[in-house]
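Here are the chains, one letter per residue:
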Amino acid sequence: MLPDDALERLMESARAVAKVCESNSLQQWEVVGEQDYGHSIDLEAGKISLAAGGGSGGLGLRVVEDGRYGYAHLADASGAQRAVQDALSIARKSPSIAGFELPVDSGSAATSGLIDRRIIDMSSDDILEQADEILSSVTALDSRAVVTGGGIGAGAGAEVIINSNGIEDGGIHTSHGFGIQVGIDEDDHLTSAYEGSSSRSQLSDVEQVIERAVYWAQITRNTIDSGEVSDCPVLMTAQGFSPLFSMVVPTALMGERIAQGESFWSKRMGEKVIADHLTIIDDRIMEGGMSSSSRDGEGVLTKRQTLVDSGRLQSSLWSTRDACRMVAEGKVEHAQTTGSASRGGYQSPPGTGCGNLLLQSSQKSHSRDSLIEEMDEGYIVHSVMGAHTANPTSGDFSVTTSMVLRVEEGEIIGSLKQAGLSGNIGKALAGDLMLGDKIRSNGSYSSGSMYLPDVLLKQGLRINPA
Amino acid sequence: MVIATRAQEGPSQGRMHLLDRDKIQPALDLALAEGAQYAELRLVCETTNSASLRDGKLHSAIPGQEVGATLRILADGAWGVHSTTDIASIPSQIESTVRLAKAVALRRNRADVGVSLAEVPIIQDELHWNAPKDVREIDLETRLEMMGQVHAEADDDERIISVRCGWSDEHLHHELLTSEGMDRTWSFQRIMTNTMVTARDGDDVVSYRSRTGGEGGLELIEATDLGNMGRTCRESAIRLLSAERAPSGKMTLVADRDLTGVYIHEALGHPCEADLVAAGDSCLEGKLGEKIGSDIVTVIDDPMIRGGYGAYPIDDEGVDTRTKSLIENGVLTDYLNHRETAHKFDLIPNGAARAQDGLHHPLVRMSNTMIMGGNHRDLDELIEDIDHGVFACGSRGGQVDTGRGSFQFAAQEAWLIENGELTNPLKDVSVSGMTLQILKQVDGLTRDAALAAPGFCGKGQTVPVGDGGPLMRIKEALVG
């Protein structure tokens, strides 16, 4: 899937752009390059609907002059001169930020678990076989169950970064993932559930994920009469909680937003902001982490940093430019990069974001069954619709769920057809809550990847049955 | 590959093609010789500019150009696809992509019917929707000046702690060559500016955002009262600081144009997408010709509404676009189709095939989706007989489960309606419901239907869309 010399060729292209930068006597410059290859299969109506493959890539160029920066992206090195002129022209119209310079090389480090040779060697036939197995496994678990949508994919990519301050690095990463929407349509009653998984190495949890999808499509068939609007305990499964958490918490932890007053945790540095048994960590060097890398989006070495320690806000996420700008504008006395520069790809300059965000508790963690028992009466929510409508500025959210189970006397008694779920993420995390014992990784609506357990939120949420 | 980024020297002036016909046509012929039923190559060249202001200062400006192409081959009733930014490599991918399609076909059960495509006119032409003020001629100073107008009004209160303004414009050049002899080149452009205002009072922090733009050039932004856009955002953000949390439960809802648009996009538009119907993932399966809404509900999807953010002249299978009537007086009259689903449901392809860019294959998508106007004069007439309800405004987005037919959308701000009057401002209002129930609950529409703010729709791929309508009253909705 990945040509043997992909990294070398990409580095060669980046160096060619760098050479043009040098020939234009730019003060400071940074070139990034990406090249991705992959195979994917679309699943639809219980069968494979399409098989695809291909590759894409390009280069990005950032120039800095007297604290001003400009950016341009290009398809290949032949566009370097035009990109340099575009970026330079923008830099000269940008405000100067005192002290803003591109990062300097501070050594090298390797993050493990980002490449699996088995993925690089996967052919389109291998992926097709995996798709066959997924389809047949679903039907084997429940003959009524059909994969109504989803897909499976495997990919490998090369990325490089070079800058005028001595950073020159590159690497290869792989990924393997799948997601399935499983539906059971019987007696004019359709229930469905989406489950997925992704990994830097060959997937090892396919069967478990399929079992979960079929389980949730099955268990939500037992619908019961809706209850009344109530403020009550809610057990959010990791899958249900991750979208809301990811929409709100990474944004609230950005240094620039805290400094600007745009975070509900602004002016709270050093204070208790969530329950004192909780800790939030951004671990960008997590072995095999979906958002792990040895360097951040501007070449700074990455690290594991504790953002909220035992409930207290201890630090925040910074990239080089944001840190310099907030200091220059007097919004903070001191700030420096935390290796948290993130890119949406070579098409955009680095912004700030988290890597692998973990929510942990110093208290004993619990199995899902014991959390249900502890809840005694309330609801379990496994997925929500409209998580992207949550308000990251305030932490408020009001979403809908069709995957909601009613619990009474510590037992699941049935499913609601639909319910509203509302509350405030910041306040819910500051209230009485317990964490589950299994961490699951999920993607994010803002930045990075979420590594969260089930969370029993005893206060602050409202269920509004349809 | 660098392609001209200025209008007078670029493609889409009737003088330049990016695909070399002499190489591509024989490659498509080779696909047929290898056993394919159909082969196409679609290229998209996007010339883009984005910019942003933070608190009145230039934060970023990014010029760029992306070229991508997707080879799509149908063999033995199954699809194989190859996408790449390396355009020159495409002829070498023909045989492997035919093999890929055949490998998919081999996995079909005997009972499964293979993919066939509805017939469409085979056209060779060029069509360019030029704009009076081409986006490729806009300089950075103009973008900054325009965003500066918004910022100046948005920032005019000490409780406003930040104003973020964004800008994006893009010129899209498409070429499509098929083994059937289709050879179409078309282009169009879009422009948009947006603002997010954050206000703080003690520990209360809120934000409000707005967008304007559409298909066309700078003239669309010049025609907008940008100062008013900034002022409206500021006033709404300040109002939200003292707004109460919305009541929960079933009540009468009145939606503004933005929310009416999101509602019809989520609740009806997605379930009308025939690829979802074919996949067994739509609550509208088998309901063509059935009454699914109240008599006053008529809905169209129309890529030909020039200026709408979801407008385009030709779809990504080379089919001419047209107005699609989805519901007429409450009766479901059509699905949105591409060639595959049109054949499956024995319908006429209606130009709804859209791909995110040159690197993605087309799916069935909406364009500009609108509920048409009704008989109510204005908001006052719509709310005069409501004892207890909510008037919700401005979209924060929405989502739908097309199979179950449940949907959700969220408002930026709202007011309580008490005894026919707007009273307290509310925040965090979301609305949810079931498509097949709530379309019958629409019992009031004002006369003045129009597209609302530009939007984006995600379905694995993201595409720009327009949606809108009049002010709409829903007799009973679940408000949270």
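Residues numbered from 1 in each chain as written. Chains lettered and ligands numbered in written order. Predicted model: local features only at pLDDT ≥ 70, side-chain atom pairs only at ≥ 80, totals over all residues.

Engineer: Would you explain the nonpolar core in this entry?
Structural biologist: The nonpolar side chains of soluble globular proteins are, as a tendency, buried together. Grouped together as the largest cluster of nonpolar side chains are 278 residues, with contacts concentrated most on L61 and L244 of chain A together with A101, L253, V390 and A392 of chain B. Ranked by residue count, the leading element in this core is strand β4 (residues 145-163) of chain A, at ten residues. When residues no more than four places from it in sequence are discounted, the contact partners of L244 of chain A are V384, A387, A390, F397 and I425 of chain A. (Core = buried A, V, L, I, M, F, W, Y, C linked by C-beta atoms within 7 Å. Buried ≥ 20, exposed ≤ 12 C-beta atoms within 10 Å, placed from the backbone. Helix = DSSP H or I, 4+ residues; strand = E, 2+ residues; numbered from the N terminus. Contact = placed C-beta atoms within 7 Å.)

Engineer: What exactly am I supposed to notice about the interface of chain A and chain B here?
Structural biologist: Size of an interface: often given as the accessible area lost when the parts come together. Contacts between chain A and chain B engage 64 residues on the former and 56 residues on the latter. In terms of residue class, the side of chain A that touches chain B is made up of 19 nonpolar, 33 polar and twelve charged. The pairing of strand β2 (residues 47-65) of chain A with strand β3 (residues 78-84) of chain B spans six bridges and is classified as parallel. In the strand pairing of β3 of chain B, L50 of chain A is matched with W79 of chain B. (Nonpolar A, V, L, I, M, F, W, Y, C, P; charged D, E, K, R; others polar. Pairing = 2+ DSSP bridges.)

Engineer: I keep staring at the pairing of strand β1 (residues 36-54) of chain B and nothing clicks. Help me out?
Structural biologist: For a regular strand, the rule is simple: side chains alternate between the two faces of the sheet. Residues and elements named next belong to chain B. Sheet topology note: the β1/strand β2 (residues 57-75) ladder contains 18 bridges and is antiparallel. The residue of β2 that forms the bridge with L41 is L71. Where β1 folds back on β2, the antiparallel hairpin that results is connected by two residues, among which D55 adopts a positive phi of roughly 50°. Of the pairings in the sheet, the one linking β1 to strand β5 (residues 160-178) comprises 15 bridges and is antiparallel in character. In the sheet register, E46 faces β5, and the bridge partner there is L172.

Engineer: Explain the domain arrangement of chain B here, please?
Structural biologist: Residue and element names in this part refer to chain B. By domain assignment, chain B separates into domain 1 (7-241) and domain 2 (244-479). Relative to domain 2, the C-alpha centre of domain 1 lies at a distance of 22 Å. Contact with domain 1, which involves 41 residues of that partner, is made by 29 residues of domain 2. Contributing elements (two or more residues each) for the side of domain 1 that touches domain 2: β1, β2, β3, β5, β6 (183-201), β7 (204-215) and α5 (226-241). Broken down by class, the residue content of the side of domain 1 that touches domain 2 amounts to 21 nonpolar, eleven polar and nine charged. (Domains from an automatic or database assignment.)

Engineer: Help me understand the environment of L336 of chain B, please; the structure alone is not making it clear to me.
Structural biologist: Residue and element names in this part refer to chain B. Position of L336 among the secondary structure elements: in the loop between β12 (331-332) and α8 (339-344). A C-alpha to C-alpha distance of 6.8 Å links L336 and N350, two positions 14 residues apart in sequence. If near-sequence neighbours (up to four positions away) are discounted, L336 is found in contact with C272, E273, A274, D301, K324, N350, A352, V364 and M366.

Engineer: How should I be thinking about the confidence of the model for chain B in this particular structure?
Structural biologist: Detailed reading of the predicted coordinates is not advisable wherever pLDDT falls low. Residue and element names in this part refer to chain B. Mean pLDDT over chain B works out to 94, with 97% of the residues at or above the 70 mark. Here residues 1-5 scores under 50 on pLDDT; set against residues more than four positions off or in separate chains, the count is 20 contacts. Reported confidences for the modelled complex are a pTM of 0.93 and an ipTM of 0.92. (pLDDT = per-residue confidence, 0-100.)

Engineer: Sorry if this is basic, but what is going on with helix α5 (residues 206-219) of chain A here?
Structural biologist: What sets the pattern is the α-helix's 3.6 residues per turn: residues three or four places apart point alike. Residue and element names in this part refer to chain A. An ideal rise of 1.5 Å per residue puts 20 Å on 14 residues; α5 measures up with 20 Å between its terminal C-alpha atoms. Turning to α5, its buried residues are I210, R212, A213, V214, W216 and A217. Of the surrounding elements, those touching the buried residues of α5 are α4 (124-141), β4, β5 (168-186), β6 (189-199), β15 (378-385) and β16 (396-408). (Expected span 1.5 Å × (residues − 1).)

Engineer: Just checking my understanding: could you explain the sheet that holds strand β9 (residues 278-283) of chain A for this structure?
Structural biologist: The strands that make up a sheet are held in pairs by hydrogen bonds between backbone atoms, and each pair lies either parallel or antiparallel. All names here are of chain A. Read across the sheet, six strands follow the order β11-β10-β9-β14-β21-β20 without closing on themselves; strand pairing throughout is mixed. A single partner strand is all that each edge strand has here, and the edge strands are β11 (312-313) and β20 (440-442). Two strands pair when backbone bridges link them, and β9 and strand β14 (residues 356-361) are joined in this way by five bridges, in the antiparallel orientation. Among the inter-strand pairings, D282 is bridged to a residue of β14, identified as L357. Running at roughly 130° to strand β21 (residues 449-452), helix α6 (residues 238-252) makes contact with β14, β20 and β21 of the sheet. (Axes fitted to C-alpha atoms, helices over the stretch in contact; angles between N-to-C directions.)

Engineer: Sorry if this is basic, but what is going on with the pairing of β2 of chain A here?
Structural biologist: All names here are of chain A. Of all 19 residues that make up β2, 17 are buried, and the element is covered over most of its length. Alignment of strand β1 (residues 28-44) against β2, held across 17 bridges, turns out to be antiparallel. In the strand pairing of β2, H39 is matched with G53. Between β1 and β2, which pair antiparallel one after the other, the connecting turn spans two residues, and A45 there sits at a positive phi close to 50°. Bridge count for β2 against strand β3 (residues 68-74) is seven bridges, and the pairing is antiparallel. If you follow L59 over to β3, its bridge partner there is L74. Where β2 hands over to β3, the hairpin turn is made up of two residues, of which D66 adopts a positive phi near 50°.

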